[in-house]
Every structure is written in structure tokens, then in C-alpha cells.
Amino acid sequence: MLERQGWQLNQKKLRRLYREEKLQVRKRGGRKRTLGTRRPMLVPEHPNERWSLDFVSDAFTNGRRFRVLAIVDDFSRECLALVADTSLSGLRVTRELTAIMTRRGRPRTIVSDNGTELTSMAVLRWCQETQIDWHYIAPGKPMQNAFVESFNGSFRDELLNETLFSSLAEARDKITAWKEDYNRHRPHSSLGNLTPREFAMKSRLETKAA
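Computed from a predicted structure; not experimentally measured. (Residues numbered from 1 in each chain as written. Predicted model: local features only at pLDDT ≥ 70, side-chain atom pairs only at ≥ 80, totals over all residues. Heavy atoms only, no water.)

The element strand β1 (residues 50-59) is largely enclosed, with a buried count of eight among its 10 residues. Pairing geometry for β1 and strand β4 (residues 109-112), over three bridges, is parallel. Within β4, the residue paired with Arg50 across the bridge is Thr109. Summarising the sheet, β1 and strand β2 (residues 65-73) pair through nine bridges and their orientation is antiparallel. Within β2, the position partnered with Val56 by the bridge is Val68. Taking the residues that link successive antiparallel strands as the turn, the β1-β2 hairpin has five residues, and the phi of Gly63 there is positive, at about 95°. (Buried < 20%, exposed > 50% of the residue type's maximum accessible area, 1.4 Å probe, protein only. Helix = DSSP H or I, 4+ residues; strand = E, 2+ residues; numbered from the N terminus. Pairing = 2+ DSSP bridges.)

Think of an α-helix as 3.6 residues a turn; residues three or four steps apart then line up on the same face. In this model, helix α5 (residues 168-185) (18 residues) spans 25 Å end to end at C-alpha, consistent with the 26 Å of a helix rising 1.5 Å per residue. Where α5 is concerned, the buried positions are Ala171, Ile175, Trp178, Lys179, Tyr182 and Asn183. Viewed end-on, α5 has its buried residues packed into an arc of 125°, placing them on one side of the element. Exposed residues on α5 whose side chains face more than 90 degrees from its buried face are Asp173 and His185. (Expected span 1.5 Å × (residues − 1). Arc of directions from axis to C-beta.)

With 79% of its residues at a pLDDT of 70 or more, the protein shows a mean pLDDT of 85. Between residues 1-9, whose pLDDT stays under 50, and residues either more than four places distant or in other chains, the model counts zero contacts. (pLDDT = per-residue confidence, 0-100. Contact = heavy atoms within 4.5 Å.)

Ranked by size, the top nonpolar core spans 21 residues in total, and within it Ile71, Leu97 and Trp134 carry the most contacts. Secondary-structure elements contributing two or more residues to this core are β1, β2, β3 (79-85), α2 (90-104), α3 (121-130) and β5 (133-136). The element contributing the most residues to this core is α2, with four residues. Phe66, Cys79, Leu82 and Phe165 belong to the second-largest nonpolar core, a separate cluster that totals 19 residues. (Core = buried A, V, L, I, M, F, W, Y, C linked by side-chain atoms within 4.5 Å.)

The structure is reproduced here in C-alpha cells:
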């Protein structure tokens, strides 16, 4: 007991000396995160001009949670990926982005919120290596990422809220089927009543003919 009291007195004395000498204990800095950019975004005019991404959460019938990474081309409204897993790290996000780039080329800009996975060192390194501009929306302003927010609303209303998933394999199968239907068979009034896939192909043909 005396030792504990003595320790407390020593601590108080130490703090008093620090105050008298106007010294401060150095605070530990936070971990380094990606800075990205917050400049105003222009409306995309071509495929691959801007991709946006976000996470959606759901649960299996046993209560275990899983997440889905949604990646959308803001110009064509194409869903480029719906990646379902019980854990999705920043490194996993960069691997998925690299795989999409291999198939369809690199985006000029990527838009996301400031979530932990999306501001990680893995994402920072990937941005430095690829020289792709990563734009972070302002905290608490999801409508600055309106394209993927709108997509997520449809995805949740039409599939996640209407379907029970008993396993990750089942969830992946049904999510993939929904994604293909969305891209190939769902016309959008904002795209001149074309499907995202048709609109993207039309844009590419017009670009080649120009």
C-alpha cells in the first residue's frame, strides 16, 4: 500500500515539475494514411474516367456477418465487381482493383469514403505504384459518392433484403447472378433506356468512329 501511495506521489510530483518547466509529454502520432484529393469532381464523359466503390454489409442465416465490395463505373453505371467475403482488407481491395484493370484498363480516378480499409497503407502504396488519383469524399457526405450509393440501394433492396444466405458460396453465386442481370438486362432511363453494358459498348463504338 505504501509503495502504491509513494508511486502516486512521485507521479504527481513529476507532473508538477513538467508543468513548472512548461514541458509536454510527446503524444504518439496516428498511423499514416492515404491523403488522396478532395477537389471538386467533374461528371465523367467516358468509360474508365471514374470508378467509385463502397462496402455493403449483410449476414448469413447463422448470424455471422459478411461484407460486399461494390465497384461501379460512374459513366456507364456498369457494376465492375461485387466481391463478397467475411473480411475485406485494404490489400484485398487493391488486388481486386488490379484484376479489373487487367480486364478493362485503368481508371483515371477512384472515389470512396474514408473507411479504414480505404485509407490504409496498402491503398497508399497501390496509388503510388499505379499513379491513379484517389478522391475521398467529405466525412458524413455519402451523396458525394452518389453513383455507388444509388447502386448499393438497388443491390440491397432487390437482393440482400430479399434473400437468405446460408453460406459464403451461396451468397457469391446469387450476388454474381444479380450483377450479370444488372449489367446485361436492366435498362436505365439515365442511359437512354440502355443497359449499362449496351451503353458502354455504344460509347466505345462512338469513340472509335470519332
